[in-house]
Amino acid sequence: MKIFFVFKYHSTDILTERYWSHKQPSNHKQFSPSTSKRVMRSYQVVLKCVDQSQREEINQRIRTLEERQHILLTPKVLKKAVELYRTNPKEGFFTRQLCKEVGKSPNIAESAFHWLYIAIKGKIDKEQKVQGLLNFLVKNPQQLIEWVTFGRSPYTESSLEKYWQLKRRYIINLLTSTRLQAGAYWRKKHKISYFADFLQFNALLPTCTQLEVLQAIDDALSYYNHEFPLLAQLTENQKAFLAKLQLLKKEQKTVVPFLTSWINSSHKSRWKSLKSLSEQLAKLIGKPSRKLFSAVRLIIVFTLFDHYMQSVPQLLKGLLVVKVVPLPFKRKRKGRIPIKLLMKKDYVITRQGNAEELTKQIKKQGWTELGFPQKGKKKLYAQVHYPSKVNEYIRNGAHIKVFQVSSGQKPSLKPRIDVVLEGTHICFHSSMFLHRYVAQVPRKTLSILGVDINCLGQYMVAFNTPIPLPQDLLQLAEQYTHLSDKVLPELTRGLLRKRKEYDVHGCCKLKGELNRVYTRRHRILRELTRLLPHFLAAVMVKKKCKKLKIEHLTVDPLLVLKVLQLRPSTPCPIVCSSTRKLYGWLPWS
């Protein structure tokens, strides 16, 4: 496992103007950071009460406010909110106008309608995504049949992932949820014809015979022989896929009855059942290691093509996207929406002044106070204490935007308070690790510093002078190696043994443990890649190097600079040791 830092000179929004205030030589490349972009970050803070009984009372009052929010979000309000958003998508207009339309006081309604605004914004965005998905499927009949049959389509997933630049998991969830919602819409609109024809999407597939499956195998093989270029020009993946189709054609006496039975049977999850069917066919053919899932899926699509293409495109064109994407808060849990903290309102959580005054209080004393009133009862107060990193961010220039308050669950009944800070990217960069690592680096100065990034371990970052790695980095590397070399192989062997023994309960437990270990290992690697730039920056500060030489061209100086809070005086050039090429300048002191 190698860790590399990637150079991205266009992504300079994490730097501030003061890094670049000095005059650079005219014959060198300069960074042009955009520091005006502001971001918001949320952090949990601590609510300190006088005693446990007072904390439980405060938690109950917060719970009451959450339930009042829940009552406001009725179907009538949701429909009216969607109409208002389409008229004017600005949040201020949306909230004020909605309060007038529904005749609610602006106390807790402002908080409820704030979250409603965010949810409707997500609904409108999903409508646009679903419309793009349907347009893609209309132009690709084969992928349309895959989506109708399985709720999934690998080619569609990869295409939309690249086009929208989103994660694959989002595309998969969009495909499956849209498929289920479209089926529910069609069942309501076509109550008779939906089940009379070949449109039993969520129950049974259209009944077919073995002759139809046999013809589908021939058609698929003929189609791809015609579509693919000459045999000598095929890629390795195309050759492998064509070989799978030829293998299924050769073993058609075994394959056809199984596929016919699969199509004529009902399944809870067609995608998972098809995977198990392809594995079973591979064993029956005598090639248990062959992955036949894609080829078997293609034959199913060719078998159902004539049945579905007679009616599905017309249904798809008549599908109303607005009806497919549901209104927000359909499945919300009662009292689980946090309170957007308001001020100077009756019977709502109060605070000491506006955001600017609260920011000044934190800079001065490090804590603020919240009030929890309730009609007919004494107003309760609790102190809000902020973590040291939040105080540091505020001192760097960030300011408080808003609070979010939610009630705690049993047994602790501890309220959760989150503060939302707003500021530039540089406000949220801490120099704590930099100062800690500086003390561990030898004092001897170097004019030229060479860096080599290696595999995880004792020498994962090597310099042209002996510099020991910090102990916390070494411990993380040891934990990662222990999980990779010992824990994961043992769990994998245990899972294989439980599968052979048909121990379902044992398999479930080991799968859960494997997932937890993989997550732990991923977080260790993420922490290492977060801490290493701080250590590299500390070495450059302590050694006072004037030139940085690197082995690879994919090293990002921004990961080094983002942790620094030093004033620039003399720029440090970044030079590739193999090509002697100057790639940029580090402003350094």
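The rules we used
- Residues numbered from 1 in each chain as written.
- Predicted model: local features only at pLDDT ≥ 70, side-chain atom pairs only at ≥ 80, totals over all residues.
- Heavy atoms only, no water.
- Phe/Tyr/Trp six-rings, centres within 6.5 Å; stacked < 30°, edge-to-face > 60°.
- Helix = DSSP H or I, 4+ residues; strand = E, 2+ residues; numbered from the N terminus.
- Buried < 20%, exposed > 50% of the residue type's maximum accessible area, 1.4 Å probe, protein only.
- Lys NZ or Arg CZ within 6 Å of the ring centre and 35° of its normal.
- Contact = heavy atoms within 4.5 Å.
- Expected span 1.5 Å × (residues − 1).
- Arc of directions from axis to C-beta.
- Axes fitted to C-alpha atoms, helices over the stretch in contact; angles between N-to-C directions.
- Parallel < 35°, antiparallel > 145°, perpendicular 65-115°, else oblique.
- Nonpolar A, V, L, I, M, F, W, Y, C, P; charged D, E, K, R; others polar.
- pLDDT = per-residue confidence, 0-100.
- Pairing = 2+ DSSP bridges.
- Left-handed = near helix turned anticlockwise from the far one by under 90°.
- Patch = residues over 30% accessible without salt bridge, like charges linked within 9 Å, V, L, I, M, F, W, Y side chains within 5 Å.
- Areas by Shrake-Rupley, 256 points an atom, 1.4 Å probe, with all protein chains shown as cover.
- Salt bridge = Lys/Arg side-chain N within 4 Å of Asp/Glu carboxyl O.
- Lys, Arg positive; Asp, Glu negative; His and termini not counted.
- Charge placed at Lys NZ, Arg CZ, Asp CG, Glu CD.

Q: Break down the packing of aromatic side chains for me, with residues and values.
A: A full pass over the atoms with the stated rule returns 14 aromatic pairs. When the ring of Y393 is compared with that of F428, the centres are 5.6 Å apart and the planes differ by 65°; the resulting orientation is edge-to-face. With a gap of 35 residues between them, Y393 in helix 17 (residues 388-395) and F428 in the loop between strand 7 (416-424) and helix 18 (432-438) connect regions that are remote in the sequence. The buried category is assigned to F428, whose relative accessible area is 6%. By way of ring pairs, the aromatic residues F150, W262, W271 and F293 are connected into one cluster. Seen from the ring of F428, R41 lies directly overhead, with NZ or CZ sitting 5.0 Å from the centre. Above the face of the W164 ring, K129 is positioned so that its terminal group lies 5.5 Å from the ring centre.

Q: Would you mind going over the environment of I171 in detail, with residue names and values included?
A: For I171, the position within the fold is in helix 7 (residues 168-189). Judged by its relative accessible area of 0%, I171 is buried. Along the primary structure I171 and L160 are separated by 11 residues, whereas in three dimensions their C-alpha atoms are 7.2 Å apart. Excluding its chain neighbours within four sequence positions, the residues that come into contact with I171 are E157, L160, E161, W164 and L166.

Q: If you had to explain helix 3 (residues 91-102) to someone new, which residues and values would you point to?
A: Its 12 residues give helix 3 an end-to-end C-alpha distance of 16 Å, which sits within 8% of 16 Å, the value for a rise of 1.5 Å per residue. Turning to helix 3, its buried residues are F94, T95, L98 and C99. The buried residues of helix 3 occupy an angular sector of 125° when the element is viewed end-on, so they sit on one face. Exposed and facing more than 90 degrees away from the buried side of helix 3 are R96 and K100. Buried residues along helix 3 sit in contact with helix 2 (75-87) and helix 4 (108-139). Positive backbone phi, at 70°, marks G103, one or two positions downstream of helix 3.

Q: For the packing of helix 5 (residues 141-150) against helix 13 (residues 293-308), give the residues involved together with the corresponding values.
A: It is at 9 Å that the axes of helix 5 and helix 13 come closest, and there the two elements cross at 95°. Between helix 5 and helix 13, the crossing angle belongs to the class labelled roughly perpendicular. Touching P141, Q142, I145, E146, V148, T149 and F150 of helix 5 are R297, L298, I300, V301, F302, L304, F305 and Y308, all from helix 13. The residue inventory of the contact of helix 5 with helix 13, partitioned by class, reads 11 nonpolar, 2 polar and 2 charged.

Q: Describe the confidence of the model for the protein chain, listing the residues and the values that go with them.
A: Summing up the model confidence of the protein chain, the mean pLDDT is 80 and the portion of residues at 70 or higher is 82%. At the low end of the mean pLDDT range in the protein chain sits strand 12 (residues 582-588), at 40; at the high end sits helix 6 (residues 154-164), at 94. For the stretch residues 1-34, pLDDT sits under 50, and the model shows 89 contacts to residues farther than four places along the chain or on other chains. Across residues 557-571, confidence stays below pLDDT 50; counting only partners more than four residues off in sequence or on other chains, it has 62 contacts.

Q: Please provide a residue-by-residue account of the sheet that holds strand 4 (residues 367-372), values included.
A: Taken in spatial order, the 7 strands make up an open sheet running 2-6-7-1-5-4-3, and their pairing is antiparallel. Edge strands, defined here as strands with exactly one partner in the open sheet, are strand 2 (339-340) and strand 3 (350-351). Across 2 bridges, the pairing between strand 2 and strand 6 (residues 399-406) is antiparallel. The partner of I339 across the bridge, within strand 6, is V405. Contacts from helix 1 (residues 52-72) reach strand 1 (38-48), strand 2, strand 4, strand 5 (380-385) and strand 6, with the element oriented near 95° to strand 5. This element, helix 16 (residues 355-365), spans strand 3, strand 4 and strand 6 of the sheet and lies at about 130° to strand 4.

Q: Which residues make up the packing of helix 12 (residues 270-285) against helix 13, and what values do they have?
A: With their axes 9 Å apart at the nearest point, helix 12 and helix 13 run at an angle of 115° to one another. Helix-helix and strand crossings are classified by hand; for helix 12 and helix 13 the assignment is right-handed. Between helix 12, through W271, L274, K275, S278 and L281, and helix 13, the contact on the second element is made entirely by F293, V296, R297 and I300. Classifying every residue of the contact of helix 12 with helix 13 by side-chain character gives 6 nonpolar, 1 polar and 2 charged.

Q: Go over the pairing of strand 1, please, and point to the residues and values.
A: Side-chain positions along a regular strand alternate between the two faces of the sheet. The pairing of strand 1 with strand 7 spans 8 bridges and is classified as antiparallel. Residue pairing for strand 7: V45 is matched across the bridge by I417. With 3 bridges connecting them, strand 1 and strand 5 associate as antiparallel partners. Looking at the pairing, V46 lines up with H385 of strand 5.

Q: Any chance you could break down a positive patch on the surface for me, citing the residues and the numbers?
A: Judged by side-chain charge, K79, R187, K188, K323 and K330 come together as a positively charged surface patch. Judged by its relative accessible area of 33%, R187 falls in the partly exposed class.

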